[in-house]
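# Analysis of the macromolecular model
Here are the chains, one letter per residue:
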Amino acid sequence: MSLTSPASAGFSWSGAVAKLVEDVLWASRLDSKNTSRSPGVCDVADVAAEVCAVASEIAPDGISVRVDADDVPGVLADEEELRRVLTNLVDNAIKYSPD
């Protein structure tokens, strides 16, 4: 049996730890209701394309991630929160996709 190290498999421990810390801090801010939001008009298609571009780089072989968005209107939202929600949705879609 041969084991592949996480580093050689393309896994980034520092990236995983940074995401975990960011998620814990975000949850803590939600609990304390101490969140600062900066709503503005966001281009959902652009944010989704950025999220999917990153996700496609780390998705396992056989899973493709793409955006198909034509004529999507802008929405009033905090762009970072929108990015966080879309990242979570795409991350879950990748995690729970059938092999």
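Below is a short write-up of the structure. Predicted model, so just to flag it, every value in this text is computed and none were measured.

This part takes up a nonpolar patch on the surface. Side chains of Val17, Val21 and Leu25 sit close together on the surface and give an oily, nonpolar patch of about 250 Å² of accessible area. Assignment of secondary structure puts Val17 in helix H1 (residues 13-32).

What follows deals with the nonpolar core. Counting residues in hydrophobic clusters, the biggest one holds 12 residues: Cys42, Val47, Ala48, Val51, Cys52, Ala55, Ala59, Val65, Leu82, Leu86, Val90 and Ile94. Examining the composition of this core, we find that 5 residues originate from one element, helix H2 (residues 44-58), more than from any other. Beyond its immediate stretch of four places on either side in the chain, Ala59 contacts Val65 and Ile94.

This brings us to the environment of Val72. You can see Val72 is positioned in the loop between H2 and strand S2 (75-78). Here the alpha-carbon distance between Val72 and Val44, two residues 28 residues apart in the chain, equals 7.0 Å. Beyond its immediate sequence surroundings of up to four residues, Val72 is in contact with Val44 and Ala45.

Reading the values: the criteria
Residues numbered from 1 in each chain as written. Predicted model: local features only at pLDDT ≥ 70, side-chain atom pairs only at ≥ 80, totals over all residues. Heavy atoms only, no water. Patch = residues over 30% accessible without salt bridge, like charges linked within 9 Å, V, L, I, M, F, W, Y side chains within 5 Å. Areas by Shrake-Rupley, 256 points an atom, 1.4 Å probe, with all protein chains shown as cover. Salt bridge = Lys/Arg side-chain N within 4 Å of Asp/Glu carboxyl O. Helix = DSSP H or I, 4+ residues; strand = E, 2+ residues; numbered from the N terminus. Core = buried A, V, L, I, M, F, W, Y, C linked by side-chain atoms within 4.5 Å. Buried < 20%, exposed > 50% of the residue type's maximum accessible area, 1.4 Å probe, protein only. Contact = heavy atoms within 4.5 Å.

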